[in-house]
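Working through the structure, step by step
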Amino acid sequence: MISLPEGRTLIALADVSGKGMAAALLSANIQALVRSMSSTGAEPLALAKQINQHLCRHTPSDFFATAVFLLLSRDSGEVTYVNAGHNAPIVFAKGRIQPLGATGIPLGLFPDTNYEARTAPLDPGASVLLFTDGLTDSIGGDDPEIRVEAMLQGEEDMKETMLKLRSLMKARLTLDDVTIVLVARHPLRRSTS
Amino acid sequence: MSRAKRVVTWAAILVQGYAIYALMTRSFVWPILWPSVRTVFIVGIVVFYLAYTVMNGLLASELVRKTQLESEQAAARKIQRTLIPEKLEPLPSYEIETTSPSAMSAATTST
């Protein structure tokens, strides 16, 4: 998460293929790229395109990464996002579920890939859940995404939501690292007279 | 361990067993006492130690490989942990909750 000027915050979540030292170093490389590029004002679309080209040029062809770049305008709650083949983040509020689906393929596969930036509103009281595939893998079953979405529909408390998400994970299936990020926008407070 | 190495290791274990059997019965084809006891003893000991050395070598190489893999994974995990921020900047009007339990350990941060 990187705070940017003009009341914006960049949330980036990536998952690198493979395991071990090579994957860890590639993660570090991607994080450094995101930090340096966002400091020069790069938006999600530019981030996705340039990191994709960087990975295609400088890493072996069997290395790739899924990523989601989410630029949050803190005042308006508008979210501009690019989802490069990552598990769809979920915007949810009071029973309403909106997955932010893929807008391109994973980074590092083809240098001339086109990515698309889309926007979604994060209304007061709404939240967005970002996660890596380690979460859905560790839930198991046929439709782990549906189980996650079903769980989100009834929850409003963040800590409770996180605890319930973790309780869905089965230890014996948790073979991959898991990252879960929940961002909730506070509901508007009604003024009292 | 590769399939070929596993086959060789098991063959070495069986050869050791057969050498012990030969030394106990004083024959390679009991109940026929063949060849001479002296030959059985010498060949049995040599075969036993050869198989023992092959088996030990393969198991030791596997142990080294596993230890290297584990230390590499531990280093990779260390790198990954340093990439995950310990504390997040608070966002006014927003609440953030994160967790990144790895396959081996767990940690939670929130703002």
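Bear in mind the structure is a predicted one, so any value in this text is a computation, not a measurement.

Cut-off values and rules
- Residues numbered from 1 in each chain as written.
- Chains lettered and ligands numbered in written order.
- Predicted model: local features only at pLDDT ≥ 70, side-chain atom pairs only at ≥ 80, totals over all residues.
- Heavy atoms only, no water.
- Helix = DSSP H or I, 4+ residues; strand = E, 2+ residues; numbered from the N terminus.
- Rg over C-alpha atoms; globule rule 2.2 N^0.38 Å.
- Areas by Shrake-Rupley, 256 points an atom, 1.4 Å probe, with all protein chains shown as cover.
- Lys, Arg positive; Asp, Glu negative; His and termini not counted.
- Charge placed at Lys NZ, Arg CZ, Asp CG, Glu CD.
- Phe/Tyr/Trp six-rings, centres within 6.5 Å; stacked < 30°, edge-to-face > 60°.
- Buried < 20%, exposed > 50% of the residue type's maximum accessible area, 1.4 Å probe, protein only.
- Polar contact = N/O pair within 3.5 Å; in protein donor to acceptor, adjacent residues only side chain to side chain.
- Contact = heavy atoms within 4.5 Å.
- Buried area = accessible area lost by both parts, 1.4 Å probe.
- Salt bridge = Lys/Arg side-chain N within 4 Å of Asp/Glu carboxyl O.
- Nonpolar A, V, L, I, M, F, W, Y, C, P; charged D, E, K, R; others polar.
- Axes fitted to C-alpha atoms, helices over the stretch in contact; angles between N-to-C directions.
- Parallel < 35°, antiparallel > 145°, perpendicular 65-115°, else oblique.
- Left-handed = near helix turned anticlockwise from the far one by under 90°.
- Core = buried A, V, L, I, M, F, W, Y, C linked by side-chain atoms within 4.5 Å.
- Pairing = 2+ DSSP bridges.

All right, on to the overall build of chain A then. When you go through chain A residue by residue, the secondary structure sums to 5 helices and 9 strands. For chain A, the sequential pattern of α-helices and β-strands runs β-β-α-α-β-β-β-β-β-β-α-α-α-β. Computed over C-alpha atoms, the radius of gyration of chain A comes to 17 Å, within 12% of the 16 Å expected from 2.2 N^0.38 for 193 residues, which places it in the range of a compact globule. Taken along the three principal axes of its C-alpha coordinates, chain A extends 60 × 45 × 25 Å. Summed over its atoms, the accessible surface of chain A is roughly 9300 Å², and 51% of this surface lies on carbon and sulfur atoms. For chain A, the distance from the average position of its 18 positive side-chain charges to the average position of its 21 negative side-chain charges is 6 Å.

Residues and elements named next belong to chain B. Summed over all chains, the structure comprises 5 aromatic pairs over all chains. Judged by centre distance (6.2 Å) and plane angle (80 degrees), the ring pair of Tyr-49 and Tyr-52 falls under edge-to-face. Placement of both Tyr-49 and Tyr-52 in helix H2 (residues 37-83) is noted, with a separation of 3 residues, approximately one turn of the helix. Overall, the relative accessible area of 35% leaves Tyr-52 in the partly exposed class. What links up through ring pairs into an aromatic cluster is the set Tyr-18, Tyr-21 and Phe-28.

Here we come to the side chain of Asn-83 of chain A. Residue position: Asn-83 of chain A is located in strand E4 (residues 78-84). From its side chain, Asn-83 of chain A meets the backbone nitrogen of His-86 of chain A in a polar contact 2.7 Å long.

Turning our attention to the interface of chain A and chain B. Each partner contributes residues to the interface: chain A has 33 residues there, and chain B has 25 residues. Carbon and sulfur atoms supply 59% of the area buried between chain A and chain B, which totals about 2600 Å² over both sides. On the chain A side of the interface with chain B, the three residues burying the most area are Met-21, Arg-166 and Asp-177 of chain A, jointly 21% of the side's total. Counting every contact that joins chain A to chain B gives 1 salt bridge. Among the ionic pairs, Glu-97 of chain B bridges to Lys-159 of chain A, the shortest N-O distance being 3.5 Å. On inspection of chain A and its partner chain B, the count reaches 10 residue pairs in polar contact (both at pLDDT 80 or more). Sorting the residues of the side of chain A that touches chain B by element identifies helix H1 (20-39), strand E3 (65-73), helix H5 (158-168) and strand E9 (180-185) of chain A as the ones contributing at least two each. No other element matches H1 of chain A, which puts 7 residues into the side of chain A that touches chain B. Residue composition of the side of chain A that touches chain B, grouped by class: 17 nonpolar, 10 polar and 6 charged.

Okay, the packing of helix H4 (residues 144-153) of chain A against H5 of chain A next. Residues and elements named next belong to chain A. Contact geometry for H4 and H5: axes closest at 10 Å, N-to-C directions at 155 degrees. In terms of orientation, H4 and H5 fall into the roughly antiparallel class. Where H4 crosses over H5, the handedness of that crossing is right-handed. From H4, Arg-147, Val-148, Met-151 and Leu-152 reach across to H5, where they touch Thr-161, Lys-164, Leu-165 and Leu-168. Looking at the contact of H4 with H5 residue by residue, the classes come out as 5 nonpolar, 1 polar and 2 charged.

At their nearest, the axes of H1 of chain A and H2 of chain B sit 8 Å apart, and the two run at 15 degrees to each other. Considered as vectors, H1 of chain A and H2 of chain B are oriented roughly parallel to each other. Here H1 of chain A runs over H2 of chain B; the crossing is left-handed. Counting all contacts with H1 of chain A, which are made through Gly-20, Met-21, Ala-24, Leu-25, Ser-27, Ala-28 and Gln-31 of chain A, the residues of H2 of chain B involved are Glu-72, Ala-75, Ala-76, Ile-79, Gln-80 and Leu-83 of chain B.

With that out of the way, let us pick up the nonpolar core. Counting 24 residues, the largest nonpolar core has Leu-10, Ile-51, Phe-69 and Leu-107 of chain A as the members making the most contacts within it. Counting only elements with at least two residues in this core, the list comes to strand E1 (2-4), strand E2 (8-16), H1, helix H2 (44-58), E3 and E4 of chain A. Val-91 and Leu-130 of chain A together with Tyr-94 and Ile-96 of chain B belong to the second-largest nonpolar core, a separate cluster that totals 21 residues.

We now examine the sheet that holds E3 of chain A. All names here are of chain A. Spatial ordering of the open sheet is given by E1-E2-E3-E4-E7, a layout of 5 strands whose pairing is antiparallel. In this open sheet, the two edge strands, each paired with only one partner strand, are E1 and strand E7 (118-121). Each strand of the sheet is rotated relative to its neighbour by a mean of 25 degrees, with strand direction disregarded. Helix-sheet contacts for H1 involve E1, E2 and E3, and the interaxial angle to E2 is about 160 degrees. Sheet strands touched by H2: E2, E3 and E4. Its angle to E3, the strand with the most contacts, is close to 160 degrees.

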